[in-house]
Amino acid sequence: MTKNDVKYSSYVQILKEELVPAMGCTEPIALAYCAAKARDLLGCLPERVVIGASGSIIKNVKSVIVPNTAGLKGIPAAATAGIVAGKSEKLLEVIAEVTEEQIAEMRTFMAEVPIEVHHFLNGMTFDIVVTVYSGEHYAKVRIANYHTNIVLIEKDGEVLHCVDLEGEEESGLTDHSLLSLADILDFAETVDIADIDDVITRQIEYNTAISAEGFKGDWGSNVGSTLLKVYGDAVEIRAKAAAAAGSDARMNGCEMPVIINSGSGNQGITTSLPVVEYAKELGVSREKMYRALVLANLVTIHQKTSIGRLSAFCGAVSAGAGAGAGIAWLLGEDLDGISHTVVNAIATTGGMVCDGAKASCATKIANAVEAAILGYHLHKNVQDLQPEDGIVAETAEQTILNVGRMAKLGMKETNEEIIKIMIGH
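Asks: Before we move on, could you go through the environment of glutamine 398 and cite the residues and values that matter?
Replies: Tracing the backbone through its elements, the reader meets glutamine 398 in helix H15 (residues 396-410). For the pair glutamine 398 and valine 343, spaced 55 residues apart in the sequence, the C-alpha separation amounts to 9.9 Å.

And the structure:
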């Protein structure tokens, strides 16, 4: 693929759009960002807060610790963090700079200010509306479809910004339908490293740092360190453990940023860290590791395109398969081997559900990475899963579409039941 090819510039832009920093689980951070924007618009701390959120937002915010809050969880906590301490210009790092005084102020705010939370049932998977009130004045901000996509800004009855929503289309982002496994591999093997250097360098630095903290500290269920303790430090174990350790820290309040993939820090961690571990084990050049990471990231994004940002389908499955693609390439596989690795992986863990962001995400990440590594070895030993084995199709591209159909359409009711269980209905 040459630089003159429209796909080349699109693929570079997709990486720049999707591999961005975030501190904390991205759904509570999106809520904090929305609340910070609303407070900015109101011009003062509100006397009342009303939050509307889709079920998938409620699911992913309920159980995860919001960073820089001294252990607070849930929707009111995320909104409060944004209102009290948020810097909206920092986007998904909106609460990266919080003082001890502000943390104390958050607790006072939550104790004294009424905060209402309403479950939206409007068919939108990703939807947040924060309305803040002071006296006779109010300000309203809505985010829909992806984490920083502000579609409505309104103050005192005046609409200052409004974007017409066409279902769950992600307007404003580069067209992801241009992605295919063949073109992704072509791009990964030919891209000028200078065009993606800063994006991939930052991903390696941020994600390996939080993984190291996950191993060092006492975070959640310590899945990463447990894997090493029980199973040893072979590369297959380190690949799972590194990703799990990053999630251990991130899901349990670690105040370090990660580079996300498809709107998710766990997906960014799962896509990248296993590839880094294999690159270190194999002693490959920096350039080869970067190309493997380009491949892994774009394969994950490609799968998520047909699934959507949020669903009942665990995003670690797609990210694990993406990592498997990068690992397979490092181990010498071509398009056929990479495609089979991806199919074998998603056919193995394709039934794993998302029941919100929380400590056990690390265990699901470990399983997804293990499925990817097994997927590679199945292909290497001529034992690929075959077409018509469940959702496996004749081609990898059709299998990816089958998974998207299952996750986006088939698991809609599953998602709603999971949400009802989680909120006690």
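Asks: For empty space enclosed by the protein, give the residues involved together with the corresponding values.
Replies: Per the counting criterion, the structure on display carries two cavities of 30 Å³ or more. Space inside the largest cavity adds up to approximately 320 Å³. Residue assignment for the lining of the largest cavity shows that the elements contributing at least two residues are helix H2 (26-42), helix H9 (235-251), helix H10 (265-282), helix H12 (315-330) and helix H14 (361-380). At four residues, H10 tops the list of elements feeding residues into the lining of the largest cavity. Its residues placed into classes, the lining of the largest cavity shows 11 nonpolar, 13 polar and seven charged. In this model, the second largest cavity occupies a volume close to 40 Å³. Gln303, Ser306, Ile307, Phe313, Val317, Ser318, Ile346, Ile400, Val403 and Gly404 together form the lining of the second largest cavity. Broken down by secondary-structure element, the contributors of at least two residues to the lining of the second largest cavity are helix H11 (286-307), H12 and H15. When its residues are assigned to classes, the lining of the second largest cavity shows six nonpolar, four polar and no charged.

Asks: Can you explain the packing of helix H8 (residues 223-231) against H9? Please cite residues and give values.
Replies: Where H8 meets H9, the axes come as close as 6 Å, and the angle between the chain directions of the two elements is 155 degrees. Accordingly, the angle class assigned to the pair H8 and H9 is roughly antiparallel. Contacts between H8 and H9 involve Val223, Gly224, Leu227, Leu228 and Tyr231 from the former and Ile237, Arg238, Lys240, Ala241, Ala244, Ala245 and Asp248 from the latter. Residue composition of the contact of H8 with H9, grouped by class: eight nonpolar, one polar and three charged.

Definitions and limits used
Residues numbered from 1 in each chain as written. Predicted model: local features only at pLDDT ≥ 70, side-chain atom pairs only at ≥ 80, totals over all residues. Heavy atoms only, no water. Helix = DSSP H or I, 4+ residues; strand = E, 2+ residues; numbered from the N terminus. 1 Å grid on protein atoms, 1.4 Å probe; cavity = no way out; pocket = protein on both sides within 12 Å on 5 of 7 lines; lining within 4 Å. Points joined across faces, edges and corners; volume = space filled by probe spheres on them. Nonpolar A, V, L, I, M, F, W, Y, C, P; charged D, E, K, R; others polar. Axes fitted to C-alpha atoms, helices over the stretch in contact; angles between N-to-C directions. Parallel < 35°, antiparallel > 145°, perpendicular 65-115°, else oblique. Contact = heavy atoms within 4.5 Å.

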